[in-house]
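Chain by chain, the residues:
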Amino acid sequence: MLGLMDWKIELVAIPVTDIDRAKDFYTSIGFNADHDHSPSPDIRFVQLTPPGSGCSICIGRGITQAAPGSVEGMQMVVPSAQQAYDQLVAAGVEASPVQDLGWGLFTFFADPDGNRWAVQELPKYN
């Protein structure tokens, strides 16, 4: 039997209506703009990565057929949900106050198209 290989999630498509508006939004909250390329008039690929993440998002034209705003449940993990909330609000993002859901502290926000994100601070177990 062959050994199992690693399978890594490294890129997730987020459907948006206005590529530049979405790129501005994500960079305003700290995502790094890694790549912005149009190999043809039908394709524009923009890759953005949250600080410290091994997984990026991509937005653009010709990337996904999903409806803009249809993504729910994207989740990032941070050392401090309160600091993430403060950073989001400082960037002008409407985020929910930090909530303790029992399996961590969370703040929630949406991008300009309504794609919904959760930001979790993992619980500290002794």
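For the structure given in this document, a descriptive report is provided here. Since this is a predicted model, take the numbers as computed values, not measurements. (Residues numbered from 1 in each chain as written. Predicted model: local features only at pLDDT ≥ 70, side-chain atom pairs only at ≥ 80, totals over all residues. Heavy atoms only, no water.)

1. Considering the sheet that holds strand β3 (residues 43-49)
Within a sheet, each strand pairs with its neighbour through backbone hydrogen bonds, oriented either parallel or antiparallel. Strand order in this open sheet of 4 strands is β1-β4-β3-β2, and the pairing throughout is mixed. A strand with exactly one partner marks an edge of an open sheet, and here the two such strands are β1 (11-13) and β2 (32-40). Going from strand to strand, the sheet's axes swing by 25 degrees on average, the running direction of each strand aside. Bridge count between β2 and β3: 6 bridges; the pairing is antiparallel. Across the sheet, residue Asn 32 finds its bridge partner in β3, namely Thr 49. Sheet strands in contact with helix α1 (residues 19-28) are β2, β3 and β4 (56-61), and its direction is about 10 degrees off that of β3. (Pairing = 2+ DSSP bridges. Helix = DSSP H or I, 4+ residues; strand = E, 2+ residues; numbered from the N terminus. Axes fitted to C-alpha atoms, helices over the stretch in contact; angles between N-to-C directions. Contact = heavy atoms within 4.5 Å.)

2. Focus on the packing of aromatic side chains
This structure, assessed with the given rule, holds 8 aromatic pairs. On the numbers, 5.1 Å between centres and 85 degrees between planes, the contact of Phe 25 with Tyr 26 is edge-to-face. With 6.1 Å between their ring centres and 5 degrees between their planes, Phe 109 and Trp 117 make a pair best called stacked. Like Phe 109, the residue Trp 117 is buried in the burial classification. (Phe/Tyr/Trp six-rings, centres within 6.5 Å; stacked < 30°, edge-to-face > 60°. Buried < 20%, exposed > 50% of the residue type's maximum accessible area, 1.4 Å probe, protein only.)

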